[in-house]
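# A structural walkthrough
As a plain string of letters, each chain reads:
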Amino acid sequence: MTTEQSLTSKPDINKSASNKPQADLLQDGLLRDGLSHDGLLRDSATTQPPFIDEHDFDVRLADNTSYDGLTFEVIEAEVAEGKRVVSRGVYLAPNLITTLSLLSGFYSILASTHGEFYKASLAIFLSAILDGADGRVARMLNAQSPFGEQYDSLADMLAFGVAPAILIYSFALEPLGRIGLGCAFVFTACGAFRLARFNVQVGIVDKKYFVGLASPLAAILVTAAVMVAIDHNQWVGQSDALITTLFAAWVVICGLLMVSNVKYYSFKEFDKKKVPFVVLIVGVLVMSVVLYDIPVGILAIGIIYALSGIFTTLKAKM
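Residues numbered from 1 in each chain as written. Predicted model: local features only at pLDDT ≥ 70, side-chain atom pairs only at ≥ 80, totals over all residues. Heavy atoms only, no water.

A tally of helices and strands in the protein chain yields 13 helices and 4 strands. Within the span of the protein chain, comprising 318 residues, buried residues form 37% of the whole. In the protein chain, the proportion of contacts linking residues at least 24 apart, taken out of those at least 6 apart, comes to 73%. For the protein chain, the exposed area adds up to about 19300 Å²; of that, 66% sits on carbon and sulfur atoms. (Helix = DSSP H or I, 4+ residues; strand = E, 2+ residues; numbered from the N terminus. Buried < 20%, exposed > 50% of the residue type's maximum accessible area, 1.4 Å probe, protein only. Contact = heavy atoms within 4.5 Å. Areas by Shrake-Rupley, 256 points an atom, 1.4 Å probe, with all protein chains shown as cover.)

Given below as structure tokens:
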């Protein structure tokens, strides 16, 4: 065979590639990235470092013939053993707890719209307890994931951004009309801003502190104020206009504290350190005072905590 014939008989790689079906080309691309055809759906421990960016991952996932879009599955990119990998599925325990927190917030909204303000307040308190539990369970079981983080933020938005605003609007701000609506919305919007800022600052800010008042704590301040007003309606009802104005100011203040740059101690490492024995005694005394009137005690502790961050910030600037 002459040299000219050998050159003319050489297959055109680009032409043959263009004649390939799109699914085959996609499979070749996955193989080049270190993934088998169904390796995309394999456990992250056996998956090689896959994609350049999230957009490339989404496109290939949507076009993959083994993923028909009719199944119910979570596939996410995460880091395992220092490598960027793809994993399938969710961790059950922490996400179920988050779902219970979401349910409590949803119930609180329904209760507020039906005038059952005390039940609505208790539901928000339950959401706050569950919100603290899901993160601890996830860390304890080493069951943290990007899906869990985003799901937790969405649940927090409803339970601590929307539910408290609807509660205080239905309880006290509705007579103010659009002003009351605006005050309640400020709280909801600030809650959304707070959660969005927290998500983008994960791994950047010191875990020992919250930048701005945490949304569950802001929700507790609003909720505890409503419960105090219900329990002590013998003096609250004597100054309806004044109380309504105070509630309007209170919900706006709590909302603005969430988006402020005031640093609050997070207590995330508090349970890992030993403290003097007298601290335990002080804790017992505080609990005894709170049990005398739980809503008033919780509101008082919340106000002290909110003021502590402001005091610490002002002291640092002096």
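So that's the structure; there's more coming.
Between two aromatic rings, the relevant description is the distance of the centres plus the angle of the planes. Taken as a whole and judged by the stated rule, the model has 4 aromatic pairs. With 5.8 Å between their ring centres and 85° between their planes, Phe171 and Phe247 make a pair best called edge-to-face. Of this pair, Phe171 sits in helix 7 (residues 146-173) while Phe247 sits in helix 11 (residues 240-259), placing them 76 residues apart in sequence. What makes Phe171 partly exposed here is its relative accessible area of 25%. Each residue in the set Phe117, Phe171 and Phe247 is aromatic and connected to the rest through ring pairs, giving one cluster. (Phe/Tyr/Trp six-rings, centres within 6.5 Å; stacked < 30°, edge-to-face > 60°.)

Before going further, it helps to examine the side chain of Ser108. Looking at the element boundaries, Ser108 is found in helix 5 (residues 92-113). For Ser108, a relative accessible area of 0% gives the class buried. Aside from chain neighbours lying at most four places away, what touches Ser108 is Ala120, Ala123, Ile124 and Ala163.

Take helix 11 next. When the terminal C-alpha atoms of helix 11 are compared, their 29 Å separation across 20 residues agrees well with the 28 Å that a helix rising 1.5 Å per residue should span. Taken residue by residue, helix 11 has Ile243, Thr244, Phe247, Ala248, Val251, Cys254, Gly255, Leu257 and Met258 as its buried positions. (Expected span 1.5 Å × (residues − 1).)

Turning our attention to the nonpolar core. Generally speaking, soluble globular proteins have nonpolar side chains that are buried together. In terms of nonpolar packing, the biggest core is built from 45 residues, with Ile168, Leu173, Phe187, Leu213, Phe247, Val251 and Tyr264 touching the most fellow members. Elements represented by at least two residues in this core include exactly helix 5, helix 6 (117-140), helix 7, helix 8 (178-200), helix 9 (215-231), helix 11 and helix 13 (294-317). The leading source of residues in this core is helix 9, at 11 residues. Not counting chain neighbours up to four residues away, the residues in contact with Leu213 comprise Arg194, Ala218, Leu221, Leu257, Met258, Tyr264 and Tyr305. (Core = buried A, V, L, I, M, F, W, Y, C linked by side-chain atoms within 4.5 Å.)

What follows is about unusual backbone geometry. In terms of backbone geometry, most residues other than glycine have negative phi values and most peptide bonds are trans. Unusually for a residue other than glycine, Asn142 sits at a positive phi of about 55°. Mapped onto the secondary structure, Asn142 falls in the loop between helix 6 and helix 7. Among the residues examined, Asn142 registers a relative accessible area of 60% and is labelled exposed.

In this section: the environment of Gly309. Looking at where Gly309 falls in the secondary structure, it is placed in helix 13. As for Gly309 and Tyr264, which are separated by 45 residues in sequence, their C-alpha atoms are 5.0 Å apart. Aside from chain neighbours lying at most four places away, what touches Gly309 is Val262, Lys263 and Tyr264.

What follows concerns helix 9. The terminal C-alpha atoms of helix 9 lie 24 Å apart, and with 17 residues this matches the ideal 24 Å at 1.5 Å per residue to within 8%. In terms of burial, helix 9 is a largely internal element, 14 of the 17 residues being buried.

Between helix 8 and helix 11, the least distance of the axes is 8 Å, while the angle of their chain directions is 15°. With respect to helix 11, the axis of helix 8 lies roughly parallel. The two elements helix 8 and helix 11 meet at a crossing, and its hand is left-handed. Each of Cys183, Ala184, Val186, Phe187, Cys190, Gly191, Phe193, Arg194 and Arg197 in helix 8 lies in contact with helix 11, whose residues at this interface are Ala248, Val251, Val252, Cys254, Gly255, Leu256, Met258 and Val259. Considering only residue class, the contact of helix 8 with helix 11 consists of 13 nonpolar, 2 polar and 2 charged. (Axes fitted to C-alpha atoms, helices over the stretch in contact; angles between N-to-C directions. Parallel < 35°, antiparallel > 145°, perpendicular 65-115°, else oblique. Left-handed = near helix turned anticlockwise from the far one by under 90°. Nonpolar A, V, L, I, M, F, W, Y, C, P; charged D, E, K, R; others polar.)

The next point concerns the environment of Val262. With respect to the helices and strands, the residue Val262 is situated in the loop between helix 11 and strand 4 (263-265). On the accessibility criterion, Val262 (12% relative accessible area) is buried. Distance in space between the C-alpha atoms of Val262 and Ile310 is 6.2 Å, their sequence separation being 48 residues. When sequence neighbours within four positions are dropped, the list of residues in contact with Val262 reads Phe210, Val211, Gly212, Gly309, Ile310 and Thr313.

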